[in-house]
Amino acid sequence: MKPERAIRRLAAILVADVVGYARLMAADEAGALAALNRHREVEFDPFVARHNGRIVKLMGDGTLVEFASIVDAVECALAIQEAAAGGRPQLTLRIGVNLGDIIIQGEDIYGDGVNVAARLEPLAAPGGVCVSSVVRESIRDRIEASFNDGGEVAVKNIARPVKVWHWHPTDPGSSDGPTPAARSAAARRRDGPSIAVLAFANMSGDPEQEYFSDGLAEDIITDLSKVSGLTVVARNSSFAYKGRSVDLRDVGRELGVAYVLEGSVRRAGQRVRVTAQLIDAATGGHLWADRYDGELADVFAVQDAVTLRIVEALKIKLSAAERARITATGTANPKAHDCFMRMRDLLLSPGLDPSTYARALEHGHRAIDLDPDYAQALGLLSLFQWLDFHNGWSGDAPDVVAARANALADRAVSIDPEEPLANIAACVAARWRGAYDLAARAVDKALARSPDLGLALLACADVAIGAGRHRDAIPLLERAIRLDPGYSHQHLQFLGMAHFLLGNFETAALIFRERLYLVRDTDIGRAWLAATLGHLGEVAEARAVWAELMSLKPGFRFVPRLARLRFARASDPESVLAGLAKAGLSAEV
């Protein structure tokens, strides 16, 4: 029997337990069990659902819950305890919350992240919450609640002491009514329905047509990401299942979505057949399935039909503007769109190199030759130039490449000022000129049109970090990880940088360690981790990480890499170098 595949990720873990449940059972077994079931159904479970949590399992009178967001986890814990304090609860809970690495295996989760949360729970006061220092550091200034220092405690099976923080609704600073955290949690917009679109199977019998089936699925992802209230997982993550026989319920659980779309494409000459089916990831049941036959020139209409049927099946009401955005094709020329799909497919393919880059450019230029006003193609071509800027693939001088990128971005925005790819290109161009305000305005336009576009979220976070608005970058990156867990290694680098530059060194170290696990040969991740450990006083580990870096990349020079990131505040790169200096590594930079 084939063993289940284990998946790792960074997650927030909440563990809750009923105070004195054994005593309640001894006094009235039936009454205690009824009270527990009623509490879970009426109070605990609804709070978890509203805060985007997943109940992993019940453990007698205890509950293990996983969250993608540490803010959601803590707000959920506070809201549960505030609700209990405001009424006459039959049961009193203790809650522990931790942020850490977990291993997902089937329905269950394991790892130090879970173990520490389980050890924190009994340390909480009855009716209170106990969190680790990494949690308190991560939520600082993001939740209006006061935590009291609980000092360092030794916990079972964890080598180092854990610094803990306590919160209780009756503590000084806590209000008589719901805390601001609980109020903001109720007021915040929660994610609505969520969906992953898998790569469509190529049924044409021609491997060369793979770009077309992938491109059709990618176009549907792009269109769905324009729908407000619908969370759409990015291609990097949903396409990870391509070519594999998978249980769609597992896909839903691993990607954290309620629905999965799968389909196939058969292209023969100028005829195309598309089949698609929408699956409820919880049950594996079909919500909707259909088949579309038509001419290749009608592919835009097929794509629109599939997207609109999904929206209808999920009972999402579209505004007139959203419907117009979905049906807008960007070009009326199917051949130009075909070239665009070929270019995009090469850009998103693993192992992008100078040869692949050159082929992608050919397709991109052919697309705009066929349709000079194709803003999407112009925007993507501009972004391609920045890959050349960083990697030197064309051999042209960096300023020449940057000028090409700027010109393409300007042209794309002039043609369609609202097109997301055009505005992302304009954002990146402005960011590298140091025009942070202009970059922020451009990417805000992209997010207004496509709020779930992962590339736009990453660009927006990058601008915020460069401009010194580090706190603004964190929720953007957390959202990007939620939308694209398969690409989280890239988002984790920026998330770690944001926490580092805020002085949240313990959180940054946790994040950079996770990045090193996911990208074993990362040089920049190791450099930032070494600087983080220096600030934490973990000198031996910092030097070991730096030695690994020098072994992997003997010619690595950190100062030029920092300069290339272009920070508006001189104190930001200085803080990174100061961390290395604290570990005695400044001479080796």
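Given the structure is predicted, the values throughout are model-derived calculations rather than measurements.

### Topic: the overall build of the chain
1) Next: Helix and strand content of the chain: 25 helices and 14 strands.
2) Next: The C-alpha radius of gyration computed for the chain amounts to 25 Å, which stays within 12% of the reference 25 Å derived for 589 residues, consistent with globular compactness.
3) Next: Projecting the C-alpha coordinates of the chain onto the three principal axes gives extents of approximately 80 × 60 × 50 Å.
4) Next: In the chain, buried positions account for 53% of the 589 residues.
5) Next: Looking at the chain alone, contacts between residues at least 24 apart form 65% of all its contacts between residues at least 6 apart.
6) Next: In the structure as shown, the chain presents an accessible area of about 25,100 Å², 52% of it carried by carbon and sulfur atoms.
7) Next: Looking at the chain, you have 67 positive and 75 negative side-chain charges, and the mean spots of the two groups are 1 Å apart.

### Describing the confidence of the model for the chain
As a note on interpretation, predicted positions should not be read in detail where pLDDT is low.
1) Next: Taken residue by residue, the chain gives an average pLDDT of 87. The fraction at 70 or more is 94%.
2) Next: No element of the chain has a lower mean pLDDT than helix α6 (residues 180-187), at 36, and none a higher one than strand β6 (residues 129-132), at 96.
3) Next: Across residues 174-190, confidence stays below pLDDT 50; counting only partners more than four residues off in sequence or on other chains, it has 29 contacts.

### Some words on helix α3 (residues 70-85)
1) Next: End to end, α3 covers 23 Å across 16 residues, agreeing with the expected 22 Å (1.5 Å per residue, within 8%).
2) Next: Taken across its 16 residues, α3 has 14 buried, putting it largely inside the fold.
3) Next: Measuring from the backbone nitrogen of V71 back to the side-chain oxygen at the start of α3 gives 3.2 Å, which picks out S69 as the cap.

### Overview of unusual backbone geometry
1) Next: Non-glycine residue N52 carries a positive phi angle of around 65°.
2) Next: In this fold, N52 is placed in the loop between α2 (29-50) and β2 (54-59).
3) Next: Residue classification places N52 among the partly exposed residues on the basis of a relative accessible area of 30%.

### Describing the pattern of salt bridges
1) Next: Summed over the entire model, instances satisfying the criterion amount to 29 salt bridges.
2) Next: In this structure, K242 and D214 form a salt bridge, with 2.6 Å as the shortest nitrogen-oxygen distance. Of this pair, K242 sits in the loop between α8 (235-238) and α9 (248-255) while D214 sits in helix α7 (residues 210-224); the two residues are 28 residues apart in sequence, bridging distant segments of the chain.
3) Next: A salt bridge links R291 to D293; the nearest nitrogen and oxygen atoms lie 3.3 Å apart.
4) Next: Three or more residues are tied together by salt bridges with common partners; here these are R9, R54 and E66.

### Details of the packing of aromatic side chains
1) Next: A full pass over the atoms with the stated rule returns twelve aromatic pairs.
2) Next: Here the aromatic rings of F389 and W432 are separated by 6.3 Å at their centres, their planes lie at 50°, and the arrangement is tilted. Pair noted here: F389 is in helix α14 (residues 375-391) and W432 is in helix α16 (residues 420-433), with a separation of 43 residues, a long-range link.
3) Next: The class of F389 is partly exposed, set by a relative accessible area of 25%.
4) Next: When its relative accessible area of 17% is taken as the criterion, W432 is described as buried.
5) Next: Measuring from centroid to centroid gives 6.5 Å for W546 and F556, while their planes differ by 75°, and the two rings are edge-to-face. A residue pair is termed long-range when its members are at least 10 positions apart, and W546 in helix α23 (residues 539-552) and F556 in the loop between α23 and α24 (558-565) qualify at ten residues.

### Quick notes on the pairing of β2
Looking along a regular strand, one sees the side chains alternate between the two faces of the sheet.
1) Next: Where β2 and strand β3 (residues 62-67) come together, five bridges link them in antiparallel fashion. The residue bridging R54 from the neighbouring strand is E66, located in β3.
2) Next: Between the end of β2 and the start of β3, which pair antiparallel, lie two residues, with G60 showing a positive phi angle near 65°.

### Remarks on the nonpolar core
1) Next: Judged by nonpolar contacts, the single largest core of 126 residues is most densely connected at I70, V97, W528 and F558.
2) Next: Here the element with the most residues in this core is α16; it accounts for ten residues.
3) Next: Beyond its immediate stretch of four places on either side in the chain, V97 contacts I13, L14, I70, A73, V74, A77, L120, V129, C130, V131, S132 and V135.
4) Next: Membership of the second largest hydrophobic core comes to 36 residues, among which are A199, V232, L261 and L318.

### Thoughts on the side chain of S237
1) Next: Along the chain, S237 falls in helix α8.
2) Next: S237 has contacts with L255, D484, P485, G486 and Y487, leaving out every residue within four places of it along the chain.

### Concerning the environment of R520
1) Next: For R520, the position within the fold is in the loop between α21 (505-518) and α22 (524-536).
2) Next: At 2.7 Å, the side chain of R520 forms a polar contact with the backbone oxygen of Y517.

### Focus: the packing of α22 against helix α25 (residues 571-582)
1) Next: Following both chains from N to C, one finds α22 and α25 inclined at 65°, their axes separated by 7 Å at the closest point. In terms of their interaxial angle, α22 and α25 are classed as roughly perpendicular. The handedness of the crossing between α22 and α25 comes out as left-handed. Touching A527, W528, A530, A531, G534 and H535 of α22 are S575, V576, A578, G579, L580 and K582, all from α25.
2) Next: In the contact of α22 with α25, the residues fall into seven nonpolar, four polar and one charged.

### Topic: the pairing of strand β9 (residues 194-197)
1) Next: Burial along β9 is two-sided: S194 and A196 facing one way and I195 and V197 facing the other are all buried.
2) Next: For β9 and strand β11 (residues 231-232), the ladder comprises two bridges, and the chain directions are parallel. Pairing of I195 across the sheet is with V232, part of β11.
3) Next: Bridge count between β9 and strand β12 (residues 259-268): three bridges; the pairing is parallel. Within the sheet, the bridge partner assigned to A196 lies in β12 and is V260.

### Thoughts on the side chain of R515
1) Next: Tracing the chain through its elements places R515 in helix α21.
2) Next: One buried charged residue, R515, remains without a salt bridge, the closest side chain of opposite sign being D523 at 6.4 Å.

### A closer look at the state of the cysteines
1) Next: Evaluation of the coordinates by the stated rule reveals zero disulfides.
2) Next: Unpaired in this structure, C76 has its nearest cysteine sulfur neighbour in C130, at a distance of 16 Å.
3) Next: Judged by its relative accessible area of 0%, C130 is buried.

Scoring rules and cut-offs
Residues numbered from 1 in each chain as written. Predicted model: local features only at pLDDT ≥ 70, side-chain atom pairs only at ≥ 80, totals over all residues. Heavy atoms only, no water. Helix = DSSP H or I, 4+ residues; strand = E, 2+ residues; numbered from the N terminus. Rg over C-alpha atoms; globule rule 2.2 N^0.38 Å. Buried < 20%, exposed > 50% of the residue type's maximum accessible area, 1.4 Å probe, protein only. Contact = heavy atoms within 4.5 Å. Areas by Shrake-Rupley, 256 points an atom, 1.4 Å probe, with all protein chains shown as cover. Lys, Arg positive; Asp, Glu negative; His and termini not counted. Charge placed at Lys NZ, Arg CZ, Asp CG, Glu CD. pLDDT = per-residue confidence, 0-100. Expected span 1.5 Å × (residues − 1). Polar contact = N/O pair within 3.5 Å; in protein donor to acceptor, adjacent residues only side chain to side chain. Salt bridge = Lys/Arg side-chain N within 4 Å of Asp/Glu carboxyl O. Phe/Tyr/Trp six-rings, centres within 6.5 Å; stacked < 30°, edge-to-face > 60°. Pairing = 2+ DSSP bridges. Core = buried A, V, L, I, M, F, W, Y, C linked by side-chain atoms within 4.5 Å. Axes fitted to C-alpha atoms, helices over the stretch in contact; angles between N-to-C directions. Parallel < 35°, antiparallel > 145°, perpendicular 65-115°, else oblique. Left-handed = near helix turned anticlockwise from the far one by under 90°. Nonpolar A, V, L, I, M, F, W, Y, C, P; charged D, E, K, R; others polar. Disulfide = S-S within 2.5 Å.

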